[in-house]
Amino acid sequence: MKAIGLDIGTTTICGVVLDGETGEVLFSRTLPNDTAISQGASFEKKQDPEKIWNKIQELLEEMGRKHPQVDSIGLTGQMHGILYVDGEGRAVSPLYTWQDESGNQRVEVEEGEDGQMARGAEKEKQGTATKASDSRQTYAEALARDTGYFAATGFGLTTYYYHQRKGLVPDQAAGLCTIGDYMGERLVGSQVPSISPSNGASLGIFDVRRGCFDIEKIKAAGLNCQLLPQVLSGAALLGRVCEAASPKIEGRAIYAGVPVSVALGDNQASFLGTVRNMEDTVLVNVGTGSQISVGTRRFVADSPVELRPLIQGDYIFAGSCLCGGRAYAALEQFFRQVFRMAEGKESGKLYGQMAALLEETKQEAASCVQVNPQFCGTRENPQLKGTVTGITLENLTPQSFIRGFLQGIARELYDLYEEILPRLEKSPLKLVGSGNGIRMNPTLKEAFEELFGCALQIPVHTEEAAYGTALFSLVAAGKYQSLTEAQRVIRYQ
């Protein structure tokens, strides 16, 4: 049995074909997600969904030439972001990604500058009192106040709230969904977006325990609930690939009729694709951002970090850091600028030289600079800044900064783990790592092992989210009885 897994990331789009019996990846291809749209406000982060669809078609066609017979297709991708669709299920807006900063704009200032009614004027017109704090609130803060739910910029319903208040929701909009949901909708020819709880929770104002949007709170915020996608829980199928959406080879729609599972959030898909036992394993992931995930079979009301739905009654504690691997990328860019200044020419990427320098000059962690890599703030406090401290004349060296940045990335995730630990029924026994940040940095791997006090295992396969959603699709298609059974094929290096 075989399954396709498609992962629509922020910077890349990946497809794998998985042998569901052995766990071997039979095919893997990654395309750049170069679909960014530059027009518009600088704080908007947008991508073109039609170009993304074309890349999905390109991947499916290549897979079809080598593996024309598959049993299921799974989807995952970047969480939180939204796009609007019309009554025919076609996009009528860009994809506003998780990096969109509309929610950080100030309510009264921004609306006043655009010549539109400020919130205070709206309330005054309606005969209600205006709160003086409005002039200091962001749209994310205003939505949190109106609903009682945590709302961050980049969350889909925060973006929707901004669009609604600014009159930017497209007139043709009949629904909204994530990019993974949209690709699934296109594949099966549906006109109505459907969403898993894993993606639904990422949009915000979602009752995790009940597995549904909190309709009353959403209405209280003045949002049209008719635009919300329907929630499909469990290992659910969206439908089957329609002939029009299937790639054609020699005139034949090769994947027509193949079952397509509901899209998963990339965090949940990565967890399913890397962890063989959810209750005794900690997963750390370092990519563009970074995350720590720990599974639990019980709902925890007072979780200090986000508790996300996994599959039907299972949850994961998910602590996210906005910067993560971007902090290390920023340091590499800094070294490139130094090279340009010294040599008057471009250096090319320096990651290999950075790693080699660490190997050549071993240094105790305590003697390095201390780096807090919150250079992008946090979801709770976007205004936070990163810091570099403990600088001496002796450690003012490139290797000290490189090691300090890697240790800081690991420490930020470990601090989140220490907040999760008291809420677990038992302490996890295993540590698993994923993402290129860990795979390509032995020093980062060592930093995690030192902090957690155990060896870090890395899966044999590299595209963890695509792998996980392929396994999920086999369960949804009835090829496996449970996810636990499916995850037995996962192997580690």
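Since we're looking at a predicted model, the values are computed, not measured.

Asks: Looking at this model, I keep getting lost on the overall build of the protein. Mind explaining?
Replies: A count of helical and extended segments in the protein gives 16 helices and 26 strands. On C-alpha atoms alone, the protein measures out to a radius of gyration of 23 Å, which is about the 23 Å that the 2.2 N^0.38 rule sets for 493 residues. Evaluated residue by residue, the protein yields a buried proportion of 55% over its 493 residues. In the protein, 68% of the contacts between residues at least 6 apart in sequence involve partners at least 24 apart. Charged side chains of the protein number 48 positive and 59 negative; the gap between the two group centres comes to 2 Å.

Asks: Please clarify how the side chain of asparagine 285 should be interpreted in this entry.
Replies: Tracing the backbone through its elements, the reader meets asparagine 285 in strand 19 (residues 281-286). With relative accessibility at 17%, the residue asparagine 285 sits in the buried group. Side-chain polar atoms of asparagine 285 contact the side chain of serine 434, separated by 2.8 Å. With residues up to four places along the chain from it excluded, the contact list for asparagine 285 reads Ser290, Gln291, Leu413, Ser434 and Gly435.

Asks: Looking at this structure, I do not really get the nonpolar core. What am I missing?
Replies: Side chains of a nonpolar character, in soluble globular proteins, are inclined to be buried together. Residues Tyr84, Leu157, Tyr160, Val284, Ile292, Phe448 and Phe452 are the most contacted members of the largest nonpolar core, which totals 70 residues. Counting residues per element, this core draws most heavily on helix 12 (residues 398-420), which supplies eleven residues. Apart from the residues within four sequence positions on either side, leucine 157 is in contact with Leu143, Leu176, Leu203, Gly204, Ile205, Phe213, Ile218, Leu223 and Leu228. Residues Ile179, Leu187, Ile254 and Tyr255 belong to the second largest nonpolar core, which totals 33 residues.

Asks: What is the right way to look at the sheet that holds strand 21 (residues 306-309) in this model?
Replies: Two strands in a sheet stick together by hydrogen bonds in their backbones, pointing the same way (parallel) or opposite ways (antiparallel). Spatially, the six strands line up as an open sheet ordered 21-22-20-19-25-26, and their pairing is mixed. At either margin of the open sheet sits one strand with a lone partner, and together these are strand 21 and strand 26 (456-457). Direction of pairing for strand 19 relative to strand 20 (residues 290-296): antiparallel, over a ladder of five bridges. Across the sheet, the residue bridging to valine 284 is isoleucine 292, located in strand 20.

Asks: It is not clear to me how the packing of aromatic side chains should be interpreted in this structure. Could you clarify?
Replies: Two aromatic rings are characterised by how far apart their centres lie and by the angle between their planes. Here the structure, examined in full by the defined rule, presents 13 aromatic pairs. Ring geometry for tyrosine 139 against tyrosine 162: centres 5.0 Å apart, planes inclined by 85°, an arrangement best described as edge-to-face. Here tyrosine 162 lies in helix 5 (residues 156-166) and tyrosine 139 lies in helix 4 (residues 139-147), a separation of 23 residues in the sequence. Measuring from centroid to centroid gives 6.4 Å for phenylalanine 448 and phenylalanine 452, while their planes differ by 35°, and the two rings are tilted. Of this pair, phenylalanine 448 and phenylalanine 452 are both found in helix 14 (residues 442-452), four residues apart, which corresponds to roughly one turn of the helix. A residue is classified by how much of its surface remains accessible, and phenylalanine 452, at 16% relative accessible area, is buried.

Asks: Even after reading the chapter, I still don't get the packing of helix 11 (residues 351-360) against helix 12, so can you show me in this structure?
Replies: Between two packed helices, what matters for the description is the angle formed by their axes and the separation of those axes. Axis separation between helix 11 and helix 12 bottoms out at 10 Å; the angle between their running directions is 100°. The angle between the axes of helix 11 and helix 12 places the two elements in the roughly perpendicular class. Contact residues: Met354, Leu357 and Leu358 in helix 11; Pro398, Gln399, Ile402, Arg403 and Leu406 in helix 12. Counted by class, the contact of helix 11 with helix 12 contains six nonpolar, one polar and one charged residues.

Asks: When you look at the environment of glycine 239 in this model, what are you seeing that I'm missing?
Replies: Considering the arrangement of structural elements, one finds glycine 239 in strand 14 (residues 237-240). Through-space distance from the C-alpha of glycine 239 to that of arginine 136 is 46 Å; in sequence the pair is 103 residues apart.

Asks: So what exactly am I meant to see when it comes to the pattern of salt bridges here?
Replies: Opposite charge on two side chains makes pairing possible when the charged atoms of those side chains draw close. All chains considered together, the criterion is met by 21 salt bridges. Two residues, aspartate 302 and arginine 423, come together in a salt bridge whose shortest N-O distance is 3.8 Å. Note that aspartate 302 is positioned in the loop between strand 20 and strand 21 and arginine 423 in the loop between helix 12 and strand 25 (430-434), a separation of 121 residues in sequence. Classification of arginine 423 as partly exposed rests on a relative accessible area of 24%. Of the charged contacts in the structure, one is a salt bridge between glutamate 464 and arginine 439, with a shortest N-O distance of 2.9 Å. Of the two residues, glutamate 464 sits in helix 15 (residues 464-476) while arginine 439 sits in helix 13 (residues 436-439), which places them 25 residues apart along the sequence.

Asks: Looking at this model, I keep getting lost on helix 6 (residues 179-188). Mind explaining?
Replies: In an α-helix, one turn spans 3.6 residues, which is why side chains three or four residues apart end up on the same side. Of all ten residues in helix 6, ten are buried; the element is thus mostly enclosed. Listing the buried residues of helix 6 in full gives Ile179, Gly180, Asp181, Tyr182, Met183, Gly184, Glu185, Arg186, Leu187 and Val188. Looking one or two places after helix 6, you find glycine 189, whose phi comes out positive at around 75°.

Asks: What should I look at first to understand a positive patch on the surface in this one?
Replies: Together, Arg276, Lys430, Arg488 and Arg491 make up a positively charged patch on the protein surface. With respect to the helices and strands, the residue lysine 430 is situated in strand 25.

Asks: Please explain a nonpolar patch on the surface as it appears in this structure.
Replies: A grouping of Phe375, Val388, Ile391 and Leu396 is seen on the molecular surface, where their side chains present a nonpolar patch of about 330 Å² in accessible area. Positionally, isoleucine 391 belongs in the loop between strand 24 (387-389) and helix 12.

Asks: Looking at this structure, I do not really get the confidence of the model for the protein. What am I missing?
Replies: Predicted coordinates in regions of low pLDDT should not be interpreted in detail. When pLDDT is averaged along the protein, the result is 90; 94% of the residues meet or exceed 70. Note that residues 112-134 has pLDDT below 50 and, in this model, 30 contacts with residues that lie over four places away or in other chains.

Asks: How do you make sense of the pairing of strand 19 when you look at a structure like this?
Replies: Within a regular beta strand, the side chains point alternately toward one face of the sheet and then the other, so they alternate between its two faces. Where burial is concerned, most of strand 19 is hidden: six out of the six residues are buried. Direction of pairing for strand 19 relative to strand 25: parallel, over a ladder of five bridges. Bridge assignment links valine 282 to a residue of strand 25, and that residue is leucine 431. Taken together, strand 19 and the strand that follows it, strand 20, pair antiparallel across an intervening segment of three residues.

Asks: Just checking my understanding: could you explain the pairing of strand 20 for this structure?
Replies: Within strand 20, seven of the seven residues are buried, which leaves the element mostly enclosed by the surrounding structure. Summarising the sheet, strand 20 and strand 22 (residues 315-321) pair through seven bridges and their orientation is antiparallel. Counted as the bridge partner of glutamine 291 is serine 320 from strand 22.

Asks: Honestly, the environment of isoleucine 218 in this entry has me stumped. Any pointers?
Replies: Among the secondary structure elements, isoleucine 218 is positioned in helix 8 (residues 215-220). In this structure isoleucine 218 comes out as buried when scored by relative accessible area, which is 0%. Between the alpha carbons of isoleucine 218 and methionine 341 there is a distance of 53 Å; along the sequence they are 123 residues apart. In this view, isoleucine 218 contacts Leu157, Ile205, Phe213, Leu223, Cys225 and Leu228; residues no more than four positions away in its chain are not counted.

Conventions adopted
Just so you know, the residues in each chain are numbered from 1, in the order the chain's sequence is written. Selection of residues for local features in this predicted model requires a pLDDT of at least 70, selection of side-chain atom pairs for listing and counting requires 80 or more, and totals for whole chains, interfaces and linings are taken over all residues. Note that water and hydrogens are dropped before the side-chain values are worked out from all heavy atoms of the structure. Helix numbering and strand numbering both begin at the N terminus, where a helix is a DSSP run of H or I of at least 4 residues and a strand a DSSP run of E of at least 2. Restricting the calculation to C-alpha atoms gives the radius of gyration, and the globule rule supplies 2.2 Å times the number of residues raised to the power 0.38. Three labels apply to residues, based on accessible area from a 1.4 Å probe with only protein chains included: buried if under 20% of the type maximum, exposed if over 50%, partly exposed otherwise in between. Should any heavy atoms of two residues lie within 4.5 Å, those residues are considered in contact. When charges are counted, neither His nor the chain ends are considered; positive counts come from Lys and Arg and negative counts from Asp and Glu. Taken as the charge location is NZ of Lys, CZ of Arg, CG of Asp or CD of Glu. Identification of polar contacts relies on pairs of N or O atoms within 3.5 Å, with a donor-acceptor requirement for protein atoms, meaning one able to donate a hydrogen and the other able to accept it, and with residues adjacent in sequence counted only if both atoms are side-chain atoms. Grouping buried Ala, Val, Leu, Ile, Met, Phe, Trp, Tyr and Cys residues that are joined through side-chain atoms within 4.5 Å yields what is termed a nonpolar core. Think of it this way: DSSP has to see at least two bridges between two strands before they count as a pair. Aromatic contacts are taken between Phe, Tyr and Trp rings whose centres are within 6.5 Å, Trp giving its six-membered ring; a plane angle under 30 degrees counts as stacked, one over 60 as edge-to-face, and the others as tilted. Where helices are involved, their axes are fitted lines through C-alpha atoms of the stretch in contact, as for all axes, and angles between N-to-C directions lie from 0 to 180°. Any angle that falls under 35 degrees is termed roughly parallel, while one over 145 is termed roughly antiparallel, one within 65 to 115 roughly perpendicular, and all others oblique. Three classes are used, and their members are as follows: Ala, Val, Leu, Ile, Met, Phe, Trp, Tyr, Cys and Pro are nonpolar, Asp, Glu, Lys and Arg are charged, and the others, Gly among them, are polar. Salt-bridge detection follows one rule: a side-chain nitrogen of Lys or Arg within 4 Å of a carboxyl oxygen of Asp or Glu. Every patch collects residues that have over 30% relative accessible area and no salt bridge, joining them within 9 Å if they carry like charges and within 5 Å if they are nonpolar side chains (Val, Leu, Ile, Met, Phe, Trp, Tyr). Values of accessible area rely on a 1.4 Å probe in the Shrake-Rupley scheme; residue burial ignores everything except the protein chains shown. The pLDDT score gives, residue by residue, the confidence of the prediction method on a 0 to 100 scale.

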